[in-house]
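The lines below spell out each chain.
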Amino acid sequence: MRFLRFPVPVVSTLLASLALAIAALSGGCSKSSDPAPAGAAPKAGAIKIGFLVKQPEEPWFQLEWKFAEQAARDLGFTLVKIGATDGEKVLAAIDNLAAGGAQGFIICTPDTLIGPAIVAKARTAKLKLIAVDDQFIGAGKQPMKDVHYLGISAAKIGEAVGDTLAAEMKKRGWKPADTGVCVITFDELATARERTDGATRRLLAAGLSKERIFRAPMRTADIPGSFDAATTLLTQKTEIKRWLICGLNDSAVLGAVRAMEGRGFGPDRSIGVGINGTDCIVELEKAKPTAFHGSMLLSAKAHGYQTCEMMYKWIKDGVAPAQDTRTVGVLITRDNFRQVLQEQGIRE
Ligand code: FCA
């Protein structure tokens, strides 16, 4: 396993200005970076790489694409961005990529259990494949370690969330006995489970009792899914006076923060720490602090740019990438987010 350092600063435009290119290939895949003149067919032998994401509307994935576009410009390949929100779209997109002359693709799959089907299709189509963010699950529910993968060190990042929540609880003088933990879970996704398990482990170590750690499963991994999960929990646990909130990513925590606000738990009585650092910028920019204390900022550049670079070298020079690469996160809060996001090339 290889660990990456945090990425070097790069110049970039605002997140908000990112164009959403969610196009099925048949409906016109966005060719974001083509060194050939507009309308011209790619030169014979030109490199074309697909980048498929499961939730194209989320800032995290838009940012991955943005860094992928940067790689396409720097290295001179054609990037095909595809929003693949379900298994059928993924399989159709692979066919279309092959028909369109691509040599490989990078994918954050909408369903990790279709990993074997993706591998089989890629093999038939002679396309190279790198899984990003969400690792494929194969036989016996085990991760498919034979598929090249770049993802986060999920357990460690989850543990850092737990440590941050525990430290904030202490700073405010809250006693573990008065405090409950709202763990917004999405156990069907391994990287999500590892994150929330990591946070839970550290909160237990900090003195929170098992009886006060409540798991609230999301039906969908987005803000409405988390809002509903937290609302159900709050309806049941009316005796809890203060809450700590963790989840798979920023959206999971934001949904719970909104649900808490609706029931009178503002920043004086709840604390949330997210993961991604890219989907909470508007929240941190709010003039008045909310319960969303901060987030573990991940390296969108490694996930977007570096996966493309790996794929490009694999296609061009036959150099296969590392089998398993894990990236780290750094805590951003209202105090430092502007500076850190600028350093990481996410904001100007
Ligand atoms: C998963 C999550 C994303 C992001 C990524 C690294 O795919 O759904 O929000 O955290 O891992």
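Note that the coordinates shown come from a computational prediction; the quantities given were computed from them, not determined experimentally.

*Asks:* Provide a residue-level description of the overall build of the protein, including the pertinent values.
*Replies:* A count of helices and strands for the protein gives 10 helices and 14 strands. Counting the 348 residues in the protein, one finds 49% classified as buried. Excluding contacts between residues fewer than 6 apart, the proportion of contacts in the protein whose partners are at least 24 apart in sequence is 76%.

*Asks:* Summarise the site of the ligand; cite the residues concerned and give the values.
*Replies:* In the vicinity of the ligand, the contacting residues are Trp60, Cys108, Asp133, Asp134, Ile152, Thr191, Ala221, Asn249, Ile275, Asn276 and Leu298. Among the residues making up the shell around the ligand, the classes are represented as six nonpolar, three polar and two charged.

*Asks:* Which residues make up the nonpolar core, and what values go with them?
*Replies:* Membership of the largest hydrophobic core comes to 99 residues, with the highest contact counts inside it found for Ile49, Phe51, Cys182, Ile184, Ala230 and Val253. In terms of residue count, helix H1 (residues 59-75) provides more of this core than any other element does, eight residues in total. Other than its neighbours up to four places away in sequence, Ala230 contacts Cys182, Ile184, Ala216, Gly255, Ala256, Ala259 and Met260.

*Asks:* Can you tell me about H1, naming the residues and giving the values?
*Replies:* Relative to the 24 Å expected for 17 residues at 1.5 Å per residue, H1 spans 24 Å between its end C-alpha atoms, a close match to the ideal helical length. H1 sits mainly inside the fold: 14 of its 17 residues count as buried. Just downstream of H1, Gly76 is the residue with a positive phi angle, here 80°.

*Asks:* Break down the environment of Met296 for me, citing the residues and quoting the values.
*Replies:* For Met296, the position within the fold is in strand E12 (residues 292-297). Along the chain, Met296 and Thr164 lie 132 residues apart, while their C-alpha atoms are 9.7 Å from each other.

*Asks:* Explain the packing of helix H2 (residues 87-99) against helix H3 (residues 115-124) to me, using residue names and the numbers behind them.
*Replies:* Between H2 and H3, the shortest axis-to-axis distance is 10 Å and the interhelical angle comes to 10°. Between H2 and H3, the interaxial angle falls into the category roughly parallel. Facing Val90, Leu91 and Ile94 of H2, the residues of H3 in contact are Ala117, Ile118, Lys121 and Ala122. In terms of residue class, the contact of H2 with H3 is built from six nonpolar, no polar and one charged.

*Asks:* Explain helix H4 (residues 154-171) to me, and be specific about the residues and the numbers.
*Replies:* With 18 residues, H4 extends 26 Å from end C-alpha to end C-alpha; this agrees with the ideal 26 Å at 1.5 Å per step. Listed in full, the buried residues belonging to H4 are Ala154, Ile157, Gly158, Glu159, Ala160, Val161, Gly162, Thr164, Leu165, Ala166 and Met169. Note on H4: the residue one or two positions beyond its end, Gly173, has a positive phi of about 75°.

*Asks:* If you had to explain the sheet that holds strand E9 (residues 213-217) to someone new, which residues and values would you point to?
*Replies:* Spatially, E9-E8-E10-E11-E12-E14 is the arrangement adopted by the six strands of the open sheet, whose pairing is mixed. Taken across any chain shown, the strands that pair with only one partner, and hence form the sheet edges, are E9 and strand E14 (330-333). For this sheet, the mean angle separating the axes of adjacent strands, direction not counted, is 20°. Seen against the sheet, H4 touches strand E8 (179-185), strand E10 (242-247), strand E11 (270-276), E12 and E14 and runs at an angle of roughly 155° to E11.

*Asks:* Go over the environment of Glu69 with me, naming the residues and quoting the values.
*Replies:* For Glu69, the location among the structural elements is in helix H1. Considering only alpha carbons, one finds Glu69 and Cys308, 239 residues apart in sequence, at a separation of 9.0 Å.

*Asks:* Quick one: what's the story with unusual backbone geometry, residue by residue and with numbers?
*Replies:* Phi at Lys141 takes a positive value of approximately 60°, unusual for a residue other than glycine. As for its placement among the helices and strands, Lys141 is situated in the loop between strand E6 (128-132) and strand E7 (148-152). Overall, Lys141 belongs to the exposed group, with 9 C-beta atoms counted inside 10 Å.

*Asks:* I'd love a proper account of the environment of Ala160, names of residues and values included.
*Replies:* For Ala160, the position within the fold is in helix H4. We classify Ala160 as buried; it has 22 C-beta atoms within 10 Å. When the C-alpha positions of Ala160 and Gly198 are compared, they lie 8.0 Å apart, and in sequence the two are 38 residues distant. If sequence neighbours within four positions are ignored, Ala160 has contacts with Met296, Gly329 and Leu331.

*Asks:* With reference to specific residues and values, describe the packing of H1 against helix H9 (residues 300-317).
*Replies:* Between H1 and H9, the shortest axis-to-axis distance is 7 Å and the interhelical angle comes to 40°. By the angle between their directions, the pair H1 and H9 is classed as oblique. Two packed elements cross with a definite hand, and for H1 against H9 that hand is right-handed. Here Trp60, Leu63, Glu64, Trp65, Lys66, Phe67, Ala68, Gln70, Ala71, Ala72 and Leu75 of H1 lie close against H9, whose contacting residues are Ala300, Lys301, His303, Gly304, Tyr305, Cys308, Glu309 and Tyr312. Broken down by class, the residue content of the contact of H1 with H9 amounts to 12 nonpolar, three polar and four charged.

*Asks:* Summarise the confidence of the model for the protein; cite the residues concerned and give the values.
*Replies:* In the predicted model, the protein carries a mean pLDDT of 90, and 87% of its residues have values of at least 70. For the protein, per-element mean pLDDT is lowest for strand E2 (residues 30-33), which scores 42, and highest for E6, which scores 99. This stretch, residues 5-42, has a pLDDT under 50; its non-local contacts, to residues over four places away or in other chains, come to 69 contacts.

*Asks:* Please provide a residue-by-residue account of the pairing of E7, values included.
*Replies:* Within E7, five of the five residues are buried, which leaves the element mostly enclosed by the surrounding structure. Where burial is concerned, the two faces of E7 agree: the one with His148, Leu150 and Ile152 and the one with Tyr149 and Gly151 are both buried. As paired strands, E6 and E7 are joined by three bridges and run parallel to one another. Bridging from a neighbouring strand, Ile130 pairs with His148 of E7.

What counts and what doesn't
- Residues numbered from 1 in each chain as written.
- Predicted model: local features only at pLDDT ≥ 70, side-chain atom pairs only at ≥ 80, totals over all residues.
- Helix = DSSP H or I, 4+ residues; strand = E, 2+ residues; numbered from the N terminus.
- Buried ≥ 20, exposed ≤ 12 C-beta atoms within 10 Å, placed from the backbone.
- Contact = placed C-beta atoms within 7 Å.
- Near = placed C-beta within 6 Å.
- Nonpolar A, V, L, I, M, F, W, Y, C, P; charged D, E, K, R; others polar.
- Core = buried A, V, L, I, M, F, W, Y, C linked by C-beta atoms within 7 Å.
- Expected span 1.5 Å × (residues − 1).
- Axes fitted to C-alpha atoms, helices over the stretch in contact; angles between N-to-C directions.
- Parallel < 35°, antiparallel > 145°, perpendicular 65-115°, else oblique.
- Pairing = 2+ DSSP bridges.
- Left-handed = near helix turned anticlockwise from the far one by under 90°.
- pLDDT = per-residue confidence, 0-100.

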